[in-house]
Amino acid sequence: MSHCSNLRDLRVHENKLVGEFPKELAYSMPILVTLYVSKNNLTGGIPLSIGNLTSLEELRASYNPLGGSIPDALGQLGNLKILGLGATQISGTIPPSLYNLSLLQILSVPFNYQLRGSLPPKFGLMFPHLQVLQLYKNQFDGPIPLSISNSSQLVTLELDDNNFTGKVRNDFGNLKNLSWINLGYNNFETTGSDGLAFLSSLTNCSNLENVMLENGQFGGVLPDSVGNLSTSVYYLALDINQLYGSIPSTIGNLVNLEVLALNDNLFTGPIPGSIGLSELISLAGLDPYVLGLGRDMHTLIKPRDQTHLPFDNVERKQESNHLGNGHRIP
């Protein structure tokens, strides 16, 4: 293929290709726009020569045992809109040069386990066109940048299974297209009664469907504003936290709720009749023990969209259909 200098679109994903990520691409295919190599067995890291593919708009390489780190050279791809590096065994930090890619719509680097570091305070200002942010199952730490609300086109925000800390003070109300938010399995601050105060800002997200905050070390009371979330919400997970007080009756306003996980907290008092808990238990065939619903429901009912997987695992036609339409993009 070394003579295919006019090639603009190369798709070799979902094969059984082996060997190193081809370094020669940058020289033999200089005007390449689309490169799909995901779901193969490529190794050897991401070559520095990739920085010469300055016309590249889509790089999808998930599900390859590439190893190595994210090279600074990726920051030279000023036209890049989609970067999929999930489950590639990369490690280290995100290089500062990557924050120059202001046209990025999808940044997906989950299931690498060894990516670390904190997100810069101006993260949201750097990516004004971002629609999908998938950082889950890594070792990112520090607070969630307040500026993330400036990524106003976000549809999917998945920061779970990391080491993020502090109180979540973000105002998510500017994320009008947000459909899926997962902040669970982090180390947020438990002190004070306002650990979930940010839920009030999510009430402005009319496309919201999935709210996953389980095991985030959240503390405090569950605010009444939870009942003002979009009626499109069908999955609400708040289990395994340090929440206390009573369960707001306003949850009953979420008329399309299919999964409500409140188990393993410190709630007291009765289960509000407005929730219709007995009907949910009856439908699921569960024993009606107090606040045990969430754990069992998780095993019986999963979110209706794609499972929790890197972006490159989705069928191509689904990817194009999901962009910008208020649905989750895994």
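Residues numbered from 1 in each chain as written. Predicted model: local features only at pLDDT ≥ 70, side-chain atom pairs only at ≥ 80, totals over all residues. Heavy atoms only, no water.

**Q** Mind showing me how you'd approach the packing of aromatic side chains here?
**A** For any pair of aromatic rings, the description consists of the separation of the ring centres together with the inter-plane angle of the planes. For the structure on display, the rule yields 8 aromatic pairs. Seen from their ring centres, F198 and F218 are 5.7 Å apart, and the 45 degrees between their planes marks the pair as tilted. One end of the pair, F198, is in the loop between strand 15 (187-188) and helix 3 (199-202); the other, F218, is in the loop between strand 16 (210-212) and strand 17 (219-221), and 20 residues separate them in sequence. Of the two residues, F198 and F218, both sit in the buried class. Through successive ring pairs, a cluster of aromatic residues spans F172, F188, F198 and F218. Directly above the aromatic system of Y63 lies the positively charged group of K39, at a separation of 5.7 Å from the ring centroid. (Phe/Tyr/Trp six-rings, centres within 6.5 Å; stacked < 30°, edge-to-face > 60°. Helix = DSSP H or I, 4+ residues; strand = E, 2+ residues; numbered from the N terminus. Buried < 20%, exposed > 50% of the residue type's maximum accessible area, 1.4 Å probe, protein only. Lys NZ or Arg CZ within 6 Å of the ring centre and 35° of its normal.)

**Q** Honestly, the pattern of salt bridges in this entry has me stumped. Any pointers?
**A** Between side chains of opposite charge, a pair can form as their charged atoms come close. Scanning the entire structure with this criterion turns up 5 salt bridges. Across the pair E58 and R60 runs a salt bridge, and its minimum N-O distance is 2.6 Å. Each of the two residues, E58 as well as R60, counts as buried. For the salt bridge of D194 with K167, the shortest nitrogen-to-oxygen distance reads 2.5 Å. Placement of D194 in the loop between strand 15 and helix 3 and of K167 in the loop between strand 13 (163-166) and strand 14 (180-182) is noted, with a sequence separation of 27 residues between them. According to the relative accessible area criterion, D194 is partly exposed, its value standing at 38%. (Salt bridge = Lys/Arg side-chain N within 4 Å of Asp/Glu carboxyl O.)

**Q** What should I look at first to understand the sheet that holds strand 11 (residues 139-142) in this one?
**A** By way of backbone hydrogen bonds, the strands of a sheet pair with one another, either parallel or antiparallel. Taken in spatial order, the 5 strands line up as 7-9-11-13-15 in an open sheet, and their pairing is parallel. Two strands close off the open sheet at either side, each with one partner strand: strand 7 (91-93) and strand 15. Bridge count between strand 13 and strand 15: 2 bridges; the pairing is parallel. Considered in strand 15, the bridge of G166 is made with F188. (Pairing = 2+ DSSP bridges.)

**Q** Please clarify how the sheet that holds strand 3 (residues 34-36) should be interpreted in this entry.
**A** If you trace the 11 strands from one edge of the open sheet to the other, you get 1-3-5-6-8-10-12-14-16-18-20, paired in parallel fashion. The open sheet terminates on both sides in strands that have one partner only, identified here as strand 1 (9-11) and strand 20 (259-261). When the angles between neighbouring strand axes are averaged without regard to direction, this sheet yields 10 degrees. Where strand 16 lies against strand 18 (residues 235-237), 3 bridges are found, and the strand directions are parallel. Counted as the bridge partner of M212 is A237 from strand 18. (Axes fitted to C-alpha atoms, helices over the stretch in contact; angles between N-to-C directions.)

The analysis is restricted to geometry; functional conclusions fall outside its scope.
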